[in-house]
Structure formats: C-alpha cells, structure tokens
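Each chain, written out:
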Amino acid sequence: MKYLWTEDTGAGLHFWKLVNQLFFDNELAVESKGSNQGLLDALIDLETEDGDEYFVAFDYVVDNQDMLSKSGANI
C-alpha cells in the first residue's frame, strides 16, 4: 500500500486528500500525524510490509516563520 503522511490537520489535510483524489486516483492512504513530532514518532514505530511505500509532506518552512513573525514571537 502507498501512504502519504502529513503533519497537517484541518484544511491542510483536506488539501492533501484532494491532491490524492485528483492526481493519484485515491491510490494513497492519506494520514495526518498531527505535527512534525508526530511524523517522527510514527517513523520510529514504523513496521512495513512488502510493497509498502511512504511519502511525507512537510509544510513550507518559510510559511511557518512568517506566521511566527506576525504573532510577535521572537525567534
């Protein structure tokens, strides 16, 4: 089976499900791991079967930094 893991939830997860539907004919099992740490934890616990393929979709880092600067957070 082919899996697409993302840290996105809500609208971001919906986006990846639409990408799967429109471009991959629902070939992928799209799963949210809730956060970057959730993705790392899932990788640590991963037990694959023959033929499994995993793809990981991360946010654009600059986009996250832009949100932090708008919130007044000091990095």
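Attention in this report is confined to the structure presented alongside it. Please read these numbers as outputs of a predicted model, since none were measured by experiment.

### Observations regarding helix H2 (residues 36-44)
Turning to H2, its buried residues are Gly38, Leu39 and Ala42. Along the long axis of H2, the arc covered by the buried residues comes to 105°, so they all point the same way. The inward-facing, buried residues of H2 contact strand S1 (2-6) and strand S3 (53-57).

### Quick look at unusual backbone geometry
Residues apart from glycine generally show negative phi values, whereas peptide bonds are mostly found in trans. Even without being glycine, Asp25 reaches a positive phi, approximately 50°. On the secondary structure map, Asp25 appears in the loop between helix H1 (11-24) and strand S2 (28-32).

### Side note on the sheet that holds S1
Spatially, the three strands line up as an open sheet ordered S2-S1-S3, and their pairing is parallel. Each edge of the sheet is formed by a strand with only one pairing partner; in this case those strands are S2 and S3. Taking the axes of each pair of neighbouring strands and ignoring which way they run, one obtains an average angle of 25° across the sheet. Of the strands in this sheet, S1, S2 and S3 touch H1, which is tilted by about 175° from S2.

### Focus: a nonpolar patch on the surface
Together, Leu18, Leu22, Phe23 and Phe24 make up a nonpolar patch on the protein surface, roughly 440 Å² of accessible area in all. Here Leu18 is to be found in helix H1.

### Here we look at the side chain of Asp8
Inspection of the secondary structure puts Asp8 in the loop between S1 and H1. Salt bridges are absent for the buried Asp8, whose nearest opposite-charge side chain, Lys17, sits at 12 Å. A distance of 3.0 Å separates the side chain of Asp8 from the side chain of Trp16, its partner in a polar contact.

Rules behind the numbers
- Residues numbered from 1 in each chain as written.
- Predicted model: local features only at pLDDT ≥ 70, side-chain atom pairs only at ≥ 80, totals over all residues.
- Heavy atoms only, no water.
- Buried < 20%, exposed > 50% of the residue type's maximum accessible area, 1.4 Å probe, protein only.
- Helix = DSSP H or I, 4+ residues; strand = E, 2+ residues; numbered from the N terminus.
- Arc of directions from axis to C-beta.
- Contact = heavy atoms within 4.5 Å.
- Pairing = 2+ DSSP bridges.
- Axes fitted to C-alpha atoms, helices over the stretch in contact; angles between N-to-C directions.
- Patch = residues over 30% accessible without salt bridge, like charges linked within 9 Å, V, L, I, M, F, W, Y side chains within 5 Å.
- Areas by Shrake-Rupley, 256 points an atom, 1.4 Å probe, with all protein chains shown as cover.
- Salt bridge = Lys/Arg side-chain N within 4 Å of Asp/Glu carboxyl O.
- Lys, Arg positive; Asp, Glu negative; His and termini not counted.
- Polar contact = N/O pair within 3.5 Å; in protein donor to acceptor, adjacent residues only side chain to side chain.

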